[in-house]
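A look at the structure
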Amino acid sequence: MSYAKPRPRIDPLTAPFWENARRNILSLQVCTACGDKHLPPSPVCPKCLSSDQDWRPASGGGVLEAYGEFHRAYWNGFADDLPYSSAIVRLDEGPLMATNLVGETSAAKVGAKVRVVFDVVADDLTLPRFELTGD
Amino acid sequence: MASGDLIRDRVSVVGVGNTPYGSFPETDEYGLAAHAFRNALEDSGLQKSQIDGLLVCRIPSYVRMGEVLGLDPGWTMTLPGHGRMAGMAIVEAAMALVTGQAKYVALMYANIGRSRRINYGGDEIPSFWDPWGFTSPGGAHAMMFRRHMDLYGTTTRQLAEVSVAFRHHACLNPDAVMKKPITIEDHEAARRIVAPLGLLDYCLINDGAVCIILTMKDRARDCRKAPVNIIGVGARDEYRESNISLYATDCRYAAVKEAGAVAYRMAGVGPPDIDAFMCYDNFSPTVLFTLEGLGFCPRGEAGRFVENGTLKLGGQLPTNTDGGHLSNSYMQGWALNIEAVRQLRGEAGARQVPDCNVVQYAQATPCTRSIIYTRA
Ligand SMILES: [Zn+2]
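Computed from a predicted structure; not experimentally measured.

For the rest of this paragraph, the subject is the pairing of strand β1 (residues 27-31) of chain A. All names here are of chain A. β1 sits mainly inside the fold: 5 of its 5 residues count as buried. Burial of β1 is two-sided: the residues Ser-27, Gln-29 and Cys-31 facing one way and the residues Leu-28 and Val-30 facing the other way are all buried. With 5 bridges connecting them, β1 and strand β3 (residues 53-57) associate as antiparallel partners. Each residue of the ladder has a partner; that of Val-30, found in β3, is Asp-54. Across 2 bridges, β1 lies against strand β2 (residues 37-38) in antiparallel orientation. Counted as the bridge partner of Gln-29 is His-38 from β2.

Moving on, we come to the packing of aromatic side chains. Residue and element names in this part refer to chain B. Under the defined criterion, the tally for this structure stands at 18 aromatic pairs over all chains. For the pair Tyr-109 and Trp-334, a centre-to-centre distance of 5.9 Å together with 20° between the ring planes defines the contact as stacked. With a gap of 225 residues between them, Tyr-109 in strand β4 (residues 104-111) and Trp-334 in helix α12 (residues 334-345) connect regions that are remote in the sequence. Owing to a relative accessible area of 0%, Tyr-109 belongs among the buried residues under this scheme.

Attention shifts here to the sheet that holds strand β2 (residues 53-57) of chain B. Residue and element names in this part refer to chain B. Judged by pairing direction, the sheet is mixed, and its 9 strands sit side by side in the order β3-β2-β4-β7-β1-β8-β11-β10-β9 without closing on themselves. Looking at strand neighbours, the two that pair on one side only are β3 (75-79) and β9 (276-279), the edges of this open sheet. The average undirected angle you get between the axes of adjacent strands in this sheet is 25°. As judged from the 5 bridges shared by β2 and β4, these two strands associate in the parallel manner.

Turning our eyes to something else, we now look at the interface of chain B and chain A. Of the residues lining the interface, 32 residues belong to chain B; the matching set on chain A comes to 37 residues. Approximately 3,100 Å² of surface area, both sides summed, lies buried where chain B meets chain A, with 64% of it carried by carbon and sulfur atoms. Our count for the chain B to chain A interface comes out at 3 salt bridges. When the shortest N-O distance is used, the salt bridge between Arg9(A) and Asp130(B) registers 2.6 Å. Our enumeration of links across chain B and chain A arrives at 17 residue pairs in polar contact (both at pLDDT 80 or more). Sorting the residues of the side of chain B that touches chain A by element identifies α4 (137-152) and β5 (192-195) of chain B as the ones contributing at least two each. It is α4(B) that contributes the most residues to the side of chain B that touches chain A, 6 residues altogether. Of the residues in the side of chain B that touches chain A, the class split is 15 nonpolar, 10 polar and 7 charged. In this structure, strand β4 (residues 61-70) of chain A lies alongside β5(B), joined through 2 bridges in antiparallel fashion. Following the sheet pairing, Glu69(A) is matched in β5(B) by Ala195(B).

Rules of the game
Residues numbered from 1 in each chain as written. Chains lettered and ligands numbered in written order. Predicted model: local features only at pLDDT ≥ 70, side-chain atom pairs only at ≥ 80, totals over all residues. Heavy atoms only, no water. Buried < 20%, exposed > 50% of the residue type's maximum accessible area, 1.4 Å probe, protein only. Helix = DSSP H or I, 4+ residues; strand = E, 2+ residues; numbered from the N terminus. Pairing = 2+ DSSP bridges. Phe/Tyr/Trp six-rings, centres within 6.5 Å; stacked < 30°, edge-to-face > 60°. Axes fitted to C-alpha atoms, helices over the stretch in contact; angles between N-to-C directions. Contact = heavy atoms within 4.5 Å. Buried area = accessible area lost by both parts, 1.4 Å probe. Salt bridge = Lys/Arg side-chain N within 4 Å of Asp/Glu carboxyl O. Polar contact = N/O pair within 3.5 Å; in protein donor to acceptor, adjacent residues only side chain to side chain. Nonpolar A, V, L, I, M, F, W, Y, C, P; charged D, E, K, R; others polar.

Here is the structure:
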């Protein structure tokens, strides 16, 4: 069956993120001039404006910034999943990431520690999601 | 001198007008805006030939708008249809007046989002986060409100006070779309859209248009009605961490605090002086965040502050006396500014705030603005 949910828009800027995800690596764009780490990727470093940008693995850890539940399908592909989890995670490196909370979520609380897990949702697409660490 | 000080108590609102609010598939942005312009012009007592500044917002072509209205202005500006341009537009038009680029500026906003079935999410506003199903300004506000709940103990019943108060006001406003009173229980029972937010936390989607005419205070005396003066403006934009729709990690506390402080300082007033408050309410939590940022209550305490009808007419701080975006009309801040004018003129009928001398408008958005109005 074909994958009915929205796919990433792959372009030269975003391709490394999705290639790394398929190898179970959560990665961030890192400025080789000043070390600033950012996501989504940017054509120049938002801190120092350098064009010299690379990708590095993130620790995979973070804290739960916020969480909620979509009861409305803005894309038809999500209609059968309603309601589905949504979350924003503050990665240990600093950037925010919109994602989903998976696994046991009843202890979800702003500030709770989370770690990345990788869901293969289609042959060519892996989504980094997060679970509570319980710490 | 801060550039905003050029504006201080020098610019007046002399005309306001609006269309009915609802669903008008038979017309378009130009038809709606022209209707609002005609009403504002009549309200001001000016002749069309005196209008020499044109600002359009959420209207596709300023050229077509000028053609429809038969105008050849000396100053034109166009702003996109984002829900934060009203405050920016009024400040920009005021600057055009004080720098002599125009004598009478007509600002118009039109929205035909209901007839065009705009969704405000999904493929209409593509983002990096679509594969995870995260989308929509409502989603971002649900996240911010959840954060406020967990950090400060705010409840959805407290949030309900916002929707209930604004609906109460809409029931007193002949123009408003929503006319059925609601209770805290109705708010709690409403279907969820993005939990913790439900249907009654979301703005309406309706068609309509608003027009405002501004001039310099010294020219305002010649107009039909008593002028309403702009005595303070403040601003803070936030783009650095803006990619998750409208999500802001501090619920825009710092930006609102800064924009508010600048506006209060310029106006020489503070929160206790505000007789009526017009608060951008794309979603109900925005009102709580704005109250905290402006200092109407301490940070984290807006839930308790709004309990027991604080925002209702007769309460401590009558807010969105027209019903706001939640219950009057989704005019993206524009209708709130004409409501400020009508309150200060004493034209608000059944929803009039007694002895209304100072009204504040604020929009807590990626472009946070506040404008303080007073009657002459
Ligand atoms: Zn850099």
